[in-house]
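Structure assessment
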Amino acid sequence: MPALQEPERKREHRQRVLKGASILNGVSNSEVRCVLRNMHANGAELKIDIDARVPNEFLLYVPVDGIAYKAVVRWRREGRIGVMFTGTEPKPAWHYG
């Protein structure tokens, strides 16, 4: 009897990057600094401080790209989070960067 195979997971090519970014929470106008480790058209993996409080939905501002991505957390692991992009927005006026 042949072994059952795991369903093939469809993964997009993730480009390795090291970009500084900020997790922006408009509710309290707070900012959590992070580093993009890899990125693709629909999401990214972020390295964050292990004690950082990150909401489930936020704006991810990447200064070098000049883009603020609407992001939703898909997974969390010690000091890293995976996010899915749901769109973009202009950088919030309250953010100084």
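A quick note: this is a predicted structure, and the numbers were derived from the prediction, not measured.

Quick look at the pairing of strand E2 (residues 30-40)
Side chains on a regular strand alternate between the two faces of the sheet. When strand E1 (residues 15-25) meets E2, the two strands line up antiparallel, connected through nine bridges. Bridge assignment links Ser22 to a residue of E2, and that residue is Arg33. When E2 meets strand E3 (residues 43-47), the two strands line up antiparallel, connected through five bridges. Bridge pairing in E3 links Leu36 to Leu46.

Some details on the pattern of salt bridges
Under the definition given, this model contains five salt bridges. In this structure, the salt-bridge partner of Lys70 is Glu89, at a minimum N-O distance of 3.9 Å. A residue pair is termed long-range when its members are at least 10 positions apart, and Lys70 in strand E5 (residues 67-77) and Glu89 in strand E6 (residues 80-89) qualify at 19 residues. Owing to a relative accessible area of 33%, Lys70 belongs among the partly exposed residues under this scheme.

Some remarks on the confidence of the model for the chain
In the predicted model, the chain carries a mean pLDDT of 82, and the fraction of residues at 70 or more is 77%. When the elements of the chain are averaged for pLDDT, E1 gives the smallest value, 85, and E3 the largest, 96. Within the model, the stretch residues 1-10 combines pLDDT values under 50 with zero contacts to residues more than four positions away or in other chains.

What counts as what
Residues numbered from 1 in each chain as written. Predicted model: local features only at pLDDT ≥ 70, side-chain atom pairs only at ≥ 80, totals over all residues. Heavy atoms only, no water. Pairing = 2+ DSSP bridges. Helix = DSSP H or I, 4+ residues; strand = E, 2+ residues; numbered from the N terminus. Salt bridge = Lys/Arg side-chain N within 4 Å of Asp/Glu carboxyl O. Buried < 20%, exposed > 50% of the residue type's maximum accessible area, 1.4 Å probe, protein only. pLDDT = per-residue confidence, 0-100. Contact = heavy atoms within 4.5 Å.

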